Every structure is written in C-alpha cells, then in structure tokens.
Amino acid sequence: MTDGVIPFWADLLGSLLLISGSLLTLIGSLGLLRLPNLFARMHGITLGNTLGLGCVLLASILVASIHAERFVFQEVLITLFMISTSPVTTILLMRSGIYRRRMDADRKTAGHQDSPNPG
Amino acid sequence: MKRWPSLTLFTVILFALWLLLNDSLAPGQLLLGLILTVAITASTAAIRPLRAHPHHLLTALGLFFVVLIDIIRSNIAVAGIILGPAKRRFNSAFMKIPLDLRDPYGLAALACIITATPGTVWAGLSPDGGTLTIHVLDLQDEEAWVRTIKQRYERRLMEIFE
C-alpha cells in the first residue's frame, strides 16, 4: 500500500464525473422551477436519480478502487436499490396527482351545480 | 421441479448481495451467506404469491444495455428541454399504449424501466391489463413512443418472462 496516492489522471477523471453528476442533478432540480405543473416536474427529478447519481457513483468506484488498490464495486448495490425503490415512490406520486386532479374536477362540477362555495 | 429455476436464481442473487455487503470472500462469510440465503429463500417461498420464471438471461443482459443507453440519451434530452426555450417545456401530456405483456413480474420490470428513464413516467394500467397510460414530458410523436416501448422493452420482457 503506497499510502493511497491518487494519480493525476484519476483525480481529473473523478472530478469531471463528480462535476457532471452534480450539474445534471442541478439541472433536474432547476426543472422544478421551470416546468409548468406537477406531472412535468416529476421528470426533472429523475435526472438526479439516474445519470446524476451514476456519475457520482462512477467517480466513487474509480477513486475508491485506486485508493484501496483493488476493484471496489459496492456502489453497484446503491444503483440496484435506487433502481428498485425510486420508481415505486414516483409512481405513487403520479397516481396521487392523477387522483387529486380528478377530485378537483369533481368538486368543481359539483360546486357549479349545488352551491357557489363548496366545502 | 418447475419452481427450481427461479428459486436458485433468487438464492444466487441474495448470496451475491450478502458477499458484496460484507465485502469479503472469507470462508466464514461464504458459509454464513450460504446458510442465510438458503434459509431465507426456503422460508419466504410461501409468502411470495407468484413465481417468476425468467429465462433467456442473455436477452436480459441485452435489455440492461438497451435501458442504460436509453437512460443516458434521455437524460441529455430532458436536460435540453429544461434549459431550452419555453415552447418545448409545455409539451407534456398523457398517452396510451396497447400492451401484450401480461406477466406481473414483466410488468413490474417495465414500470421500473419506464419510470427510471427521464422523460417518461408510468401512470397506470387499465383494469384488464391491456392499456398502459404513461406521462411523457416532450410528446410530439405518439407513434414513435409506442414503437420504442413495444419494440425495445416489451418484446424483450415477453421473451424473458413468458
């Protein structure tokens, strides 16, 4: 073990990966501000969850492998858990968004028929 | 004997997960992992209502790379839409896709793929299972989306799970 000195090329590549991952996540979050409604905004968040996270994990694999002087790939587990859990919450959010929109529409039509100020 | 293929695949995956989490190949960990995974597989077999029968693992590997490429491509596309002119940001809409896939594990995999890909989110399946609703961020050509999902994902998933 050569007390974990990281060569220049790995330093550079790791930093580039970290920066592009963070940039992608930032752009995704910017989508919250720039996109018009709930359904469209959900797409922006996915950027950070997929390629944004992927770049950060690749950087982590690269630097950790060189530091430990063997191939470290436990980061694959994070990807696995992320891929299998984040769609579930996204789909739930989507379903509840659709449900709320339908309830709002129902209330609006009911309100027009019965009273001017429902609820 | 029909249940063995998926049972052993499940065991192998759990075993690999255990070794990865512990980050070691020591004989003690191998033995502990083996005992644990076999015990877990055997004891949870009863509470898993349906058995998956995945086959054609090479197709699964191909699907993995197809999805990886699509995720990278649509990441760039969605980033472009968010940063781009306002006109393109107001194109999002729901659309329907006719489905032939019926296997619940295949459908779960399809839901994960569609939702994990930026630009599309799974929004529901009709009660008869024949129509899928998705939400698309930049909907310009419905035909193209139907073709992508049916040919790139559904065909391979049907090969794997049915």
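All of these numbers come straight from a predicted model, not from anything done at the bench. (Residues numbered from 1 in each chain as written. Chains lettered and ligands numbered in written order. Predicted model: local features only at pLDDT ≥ 70, side-chain atom pairs only at ≥ 80, totals over all residues. Heavy atoms only, no water.)

> Any chance you could explain the nonpolar core here in plain terms?
Residues and elements named next belong to chain B. Counting residues in hydrophobic clusters, the biggest one holds 26 residues, and the most contacted among them are Leu 110, Trp 122, Ile 134 and Tyr 153. Elements supplying a minimum of two residues to this core: α3 (57–83), β1 (93–98), α5 (104–116), β3 (131–136) and α6 (142–161). Sorting elements by how many residues they give to this core places α6 first, with six residues. Ignoring sequence-local partners within four residues, the contact set of Leu 110 consists of Leu 99, Leu 101, Trp 122, Leu 132, Tyr 153 and Leu 157. (Core = buried A, V, L, I, M, F, W, Y, C linked by side-chain atoms within 4.5 Å. Buried < 20%, exposed > 50% of the residue type's maximum accessible area, 1.4 Å probe, protein only. Helix = DSSP H or I, 4+ residues; strand = E, 2+ residues; numbered from the N terminus. Contact = heavy atoms within 4.5 Å.)

> Help me understand helix α2 (residues 27–44) of chain B, please; the structure alone is not making it clear to me.
A turn of α-helix holds 3.6 residues, and therefore any two residues three or four places apart point the same way. All names here are of chain B. Between its first and last C-alpha atoms α2 spans 26 Å; for 18 residues at 1.5 Å apiece the expected length is 26 Å, and the two agree. Every buried residue of α2 is listed here: Gly 33, Thr 37 and Thr 41. Along the long axis of α2, the arc covered by the buried residues comes to 50°, so they all point the same way. Exposed and oriented more than 90 degrees from the buried face of α2 are Pro 27, Leu 31, Ile 35, Ala 42 and Ser 43. (Expected span 1.5 Å × (residues − 1). Arc of directions from axis to C-beta.)

> Honestly, the pattern of salt bridges in this entry has me stumped. Any pointers?
If charged atoms from side chains of opposite charge come close, those side chains can pair. All names here are of chain B. The final tally for this structure, using the stated rule, is six salt bridges over all chains. For the salt bridge of Arg 152 with Asp 70, the shortest nitrogen-to-oxygen distance reads 2.9 Å. With Arg 152 in helix α6 and Asp 70 in helix α3, this residue pair connects regions lying 82 residues apart in the sequence. Of the residues examined, Arg 152 reaches a relative accessible area of 26% and is grouped as partly exposed. Glu 154 is the salt-bridge partner of Lys 150, the closest N and O atoms lying 2.9 Å from each other. (Salt bridge = Lys/Arg side-chain N within 4 Å of Asp/Glu carboxyl O.)

> Would you mind showing me how to read the domain arrangement of chain B here?
The extent of an interface is frequently quoted as the accessible surface area lost upon association of the parts. Under the domain assignment used here, chain B contains domain 1 (4–45) and domain 2 (57–161). Here the C-alpha centroids of domain 1 of chain B and domain 2 of chain B sit 33 Å apart. (Domains from an automatic or database assignment.)

> Whenever I open this one, unusual backbone geometry confuses me. Can you help?
Excluding glycine, most residues fall at negative phi; most peptide bonds, likewise, are trans. Phi is positive for A:Glu69, which is not a glycine, with a value near 60°. With respect to the helices and strands, A:Glu69 occurs in the loop between α2 (38–68) and α3 (75–113).

> What is the right way to look at the sheet that holds strand β2 (residues 120–125) of chain B in this model?
Sheets are built from strands that pair by backbone hydrogen bonding, the pairs being arranged parallel or antiparallel. Taken together, the three strands give an open sheet; going across it, the order is β1-β3-β2 (chain B), and neighbouring strands pair in antiparallel fashion. Each end of this open sheet is capped by a strand with a single partner; those strands are β1 and β2 of chain B. Pairs of neighbouring strands in the sheet enclose a mean axial angle of 30°, with direction left out of account. Note that β1(B) and β3(B) share six bridges and pair antiparallel. Bridge pairing links B:Lys96 to B:Thr133 in β3(B). Strands in contact with α2(A) are β1, β2 and β3 of chain B; relative to β3(B), the strand with the most contacts, it is inclined by about 80°. (Pairing = 2+ DSSP bridges. Axes fitted to C-alpha atoms, helices over the stretch in contact; angles between N-to-C directions.)

> Whenever I open this one, the pairing of β2(B) confuses me. Can you help?
Strand residues, when the strand is regular, have side chains that alternate between the two faces of the sheet. The buried count for β2(B) comes to five of six residues, which makes it a mostly enclosed element. In textbook terms, the turn of a hairpin is the stretch between consecutive antiparallel strands, and for β2(B) and β3(B) this stretch comprises five residues, one of which, B:Gly129, has a positive phi near 75°.

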